[in-house]
Amino acid sequence: MVVWTESELSIINSIFSSLDYEDIGPKALCRCLIVYPWTQRYFGGFGNLYNAAAIKSNPNIAAHGIKILHGLDRAVKNMDGIKETYAELSTLHSEKLHVDPDNFTLLGNCLTIEIAAKLGDGFTAETQGTFQKFMAVVVNALGKQYH
Amino acid sequence: MSLTDNDIATVKAIWPKIAKVANEVGPESLARMLCIYPQTKIYFSHWSDLSIQSTKVKEHGVVIMKGLSLAVEKINDMANGLQDLSQKHAFQMRVDPANFRLLSQCIHVVLAKRFKAEYTPEVHLAMDKFLSNVALAIAEKYR
């Protein structure tokens, strides 16, 4: 069972309430698809991913980026039950989408970098550590139903 | 995943800007790695202070950036250019190569928070490939 300190809960809530999901979601997903191009294989039905410019202007990718942030929001609103929150999504990613769970960490890294770019000096070492802990818990929960 | 001409050009274009703030980027990246991935502290157990304020951490962060500048200089043949560093990491320090990825993530975060919109996915990609290749060159002598 993951234990969160008051400080960690406060930091996570503060980060997410400072984010514009419609801006950062698309940016994080685009960054992932550009920096780690093998992740594009999961988006075969999303249209033109031919180059970075195409990825950045692809409306389906943008919409999915926003969806991902709203998905993370569900964990933020249920910090003591993240595993349960993502049970269905884990089964979906494993059995239907067949996403290699290592890729969840890659997307998490890209989101971390987008948040760092947005918050600048406000993204202290403590903030980064707490956010990466949160993403590690999310990634673990999403991988739980894989077998 | 070897470096293309475009990757090399991208790294060489941003490196002078990074070099200007190397004395801050290096220490901050190292300090973040030690704080966020405590298992990495094992390589620095001979220092009593591993906090962000530590003088030793600051000095070593600068040393790391000098190593990366050397890697940029030798970007076309890093395996040979970084031989001495590889010997050190392999035989003296015995650093588990998995840790290079952790330091790389911290470097990306520090560069992103400094350069913000300038740290585009394209620049991030080139830097990530560069750092991965540095890690490979450093691990060259491991076995």
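Fair warning: this is a prediction, and the values are worked out from it, not measured in the lab.

Description of the overall build of chain B
Okay, step 1: Tallying secondary structure elements over chain B gives seven helices and zero strands in all.
Okay, step 2: The secondary structure elements of chain B, listed N-terminal to C-terminal, are α-α-α-α-α-α-α.
Okay, step 3: Against the 2.2 N^0.38 benchmark of 15 Å for 143 residues, chain B shows a C-alpha radius of gyration of 15 Å, consistent with a compact globule.
Okay, step 4: If you line up chain B on its principal axes, its C-alpha atoms span 40 × 35 × 20 Å.
Okay, step 5: Taken across its 143 residues, chain B has 50% of its residues classed as buried.
Okay, step 6: Relative to all contacts within chain B whose residues are 6 or more apart in sequence, the contacts with residues 24 or more apart total 76%.
Okay, step 7: Taking the average place of the 18 positive charges on the side chains of chain B and the average place of its 14 negative ones, the gap between the two points comes to 5 Å.

Brief notes about the environment of Cys 30 of chain A
Residues and elements named next belong to chain A.
Okay, step 1: Its location among the elements puts Cys 30 in helix α2 (residues 21-35).
Okay, step 2: With a relative accessible area of 7%, Cys 30 lands in the buried category.
Okay, step 3: In sequence terms Cys 30 and Ile 55 are 25 residues apart; their C-alpha atoms lie 6.2 Å from each other.
Okay, step 4: Those residues in contact with Cys 30 that lie beyond four places of it in its chain are Ile 55, Lys 56 and Ile 61.

Points about helix α4 (residues 59-76) of chain A
Residue and element names in this part refer to chain A.
Okay, step 1: Here α4 is 18 residues long and its end C-alpha atoms lie 26 Å apart, about the 26 Å a rise of 1.5 Å per residue gives.
Okay, step 2: Tucked into the core, α4 has its buried residues touching α1 (6-18), α2, α3 (52-57), α5 (82-85), α7 (102-119) and α8 (125-142).
Okay, step 3: For α4, the side-chain oxygen to backbone nitrogen distance between the N-cap and Asn 60 is 2.8 Å, and the N-cap itself is Asn 58.

Structural notes on the environment of Ala 19 of chain B
All names here are of chain B.
Okay, step 1: Among the structural elements, Ala 19 can be located in helix α1 (residues 5-20).
Okay, step 2: Ala 19 sits in the partly exposed class, given a relative accessible area of 37%.
Okay, step 3: Linking Ala 19 and Ser 29, residues ten residues apart in sequence, is a C-alpha distance of 14 Å.

Some details on the interface of chain A and chain B
Okay, step 1: With 22 residues of chain A in contact, the opposing surface of chain B contributes 20 residues.
Okay, step 2: Interface area for chain A against chain B, summed over the two sides, is near 1800 Å², with a carbon-plus-sulfur share of 61%.
Okay, step 3: Summed over the shared surface of chain A and chain B, the number is two salt bridges.
Okay, step 4: At the boundary of chain A with chain B, the tally comes to eight residue pairs in polar contact (both at pLDDT 80 or more).
Okay, step 5: Broken down by secondary-structure element, the contributors of at least two residues to the side of chain A that touches chain B are α2, α3, α7 and α8 of chain A.
Okay, step 6: Sorting elements by how many residues they give to the side of chain A that touches chain B places α7 of chain A first, with seven residues.

As for the UniProt feature "domain: Globin" (unreviewed entry) in chain B
Okay, step 1: Feature annotation in UniProt places "domain: Globin" (unreviewed entry) on residues 2-143 of chain B, given in this structure's numbering.
Okay, step 2: The span residues 2-143 of chain B is 70% helical and 0% strand by assignment, and the distance between its end C-alpha atoms comes to 20 Å.

Looking at α8 of chain A
Okay, step 1: Compared with an ideal rise of 1.5 Å per residue, which puts 18 residues at 26 Å, α8 of chain A spans 25 Å between its outermost C-alpha atoms and is within 8% of the ideal.
Okay, step 2: Of all 18 residues in α8 of chain A, 13 are buried, a share of seventy percent or more.

Topic: the nonpolar core
Okay, step 1: Within the largest apolar cluster, 79 residues are counted, with the highest numbers of intra-cluster contacts made by Phe 16 and Phe 134 of chain A together with Met 127 and Phe 130 of chain B.
Okay, step 2: With ten residues, helix α6 (residues 98-115) of chain B is the single largest residue contributor to this core.
Okay, step 3: The contact partners of Phe 16 of chain A, leaving out residues within four places of it in the chain, are Tyr 21, Leu 69, Leu 72, Val 76, Phe 131 and Phe 134 of chain A.
Okay, step 4: Core analysis: the next-biggest nonpolar cluster, separate from the first, contains nine residues, Cys 30, Leu 33, Ile 55 and Ile 61 of chain A among them.

The rules behind each value
Residues numbered from 1 in each chain as written. Chains lettered and ligands numbered in written order. Predicted model: local features only at pLDDT ≥ 70, side-chain atom pairs only at ≥ 80, totals over all residues. Heavy atoms only, no water. Helix = DSSP H or I, 4+ residues; strand = E, 2+ residues; numbered from the N terminus. Rg over C-alpha atoms; globule rule 2.2 N^0.38 Å. Buried < 20%, exposed > 50% of the residue type's maximum accessible area, 1.4 Å probe, protein only. Contact = heavy atoms within 4.5 Å. Lys, Arg positive; Asp, Glu negative; His and termini not counted. Charge placed at Lys NZ, Arg CZ, Asp CG, Glu CD. Expected span 1.5 Å × (residues − 1). Polar contact = N/O pair within 3.5 Å; in protein donor to acceptor, adjacent residues only side chain to side chain. Buried area = accessible area lost by both parts, 1.4 Å probe. Salt bridge = Lys/Arg side-chain N within 4 Å of Asp/Glu carboxyl O. UniProt positions renumbered as here; feature names shortened; annotations may be inferred. Core = buried A, V, L, I, M, F, W, Y, C linked by side-chain atoms within 4.5 Å.

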